Amino acid sequence: MAKVTIYTTSLCPYCHMAKELLREKSVTFEEIDVTGRAELRAEMRDKAGGRNTVPQIWIGDRHVGGCDDLMCLDRSGKLDPLLSASA
């Protein structure tokens, strides 16, 4: 199973939806909560090519984007192969 990292904030509904989808797929993920943590949000923004919204999600070394991007991958059948790839 690929390593999954998700940057979130505590009150973000899209973060909750993305995490729920990952949980439904029995994916263990590393969550980095950037709530009130400017240095972590800056780290996320740098890694995400300037994107400042949450969630920001990585599967292995691949930045897949936010919640909508994750849902789109799932609907198109491309998420499961990414998740099952080696880290």
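For the structure, see preceding data.
Below or above, wherever it landed, is the structure these notes cover. Remember, predicted model here, so these are calculated numbers, not experimental data.

About the thresholds
Residues numbered from 1 in each chain as written. Predicted model: local features only at pLDDT ≥ 70, side-chain atom pairs only at ≥ 80, totals over all residues. Heavy atoms only, no water. Core = buried A, V, L, I, M, F, W, Y, C linked by side-chain atoms within 4.5 Å. Buried < 20%, exposed > 50% of the residue type's maximum accessible area, 1.4 Å probe, protein only. Helix = DSSP H or I, 4+ residues; strand = E, 2+ residues; numbered from the N terminus. Phe/Tyr/Trp six-rings, centres within 6.5 Å; stacked < 30°, edge-to-face > 60°. Lys NZ or Arg CZ within 6 Å of the ring centre and 35° of its normal. Salt bridge = Lys/Arg side-chain N within 4 Å of Asp/Glu carboxyl O.

**Remarks on the nonpolar core**
Among the nonpolar cores identified, the biggest contains 17 residues, and Val4, Leu22, Ile57, Ile59, Leu70, Leu79 and Leu83 are the most heavily contacted of them. Counting only elements with at least two residues in this core, the list comes to β1 (4–8), α1 (13–24), β3 (56–59), α3 (67–75) and α4 (79–84).

**Remarks on the packing of aromatic side chains**
Evaluation of the coordinates by the stated rule reveals 1 aromatic pair. The aromatic ring of tryptophan 58 is capped on one face by lysine 47, whose charged end is 5.6 Å from the ring centroid.

**Considering the pattern of salt bridges**
Once their charged atoms are close, side chains differing in charge can pair, the charge on each being opposite to the other. All told, the structure shown has 6 salt bridges when counted by the stated rule. Between lysine 25 and aspartate 74 there is a salt bridge whose closest N-O contact spans 3.0 Å. Linking lysine 25 in the loop between α1 and β2 (29–33) with aspartate 74 in helix α3, this pair joins segments that are 49 residues apart in sequence. Residue classification places aspartate 74 among the partly exposed positions, given a relative accessible area of 27%. Residue aspartate 80 is joined to lysine 25 by a salt bridge in which the shortest nitrogen-to-oxygen separation is 2.9 Å. Taken as a pair, aspartate 80 in helix α4 and lysine 25 in the loop between α1 and β2 lie far apart in primary sequence, 55 residues in all. Overall, aspartate 80 belongs to the partly exposed group, its relative accessible area being 43%. Note on lysine 25: relative accessible area 23%, which makes it partly exposed.

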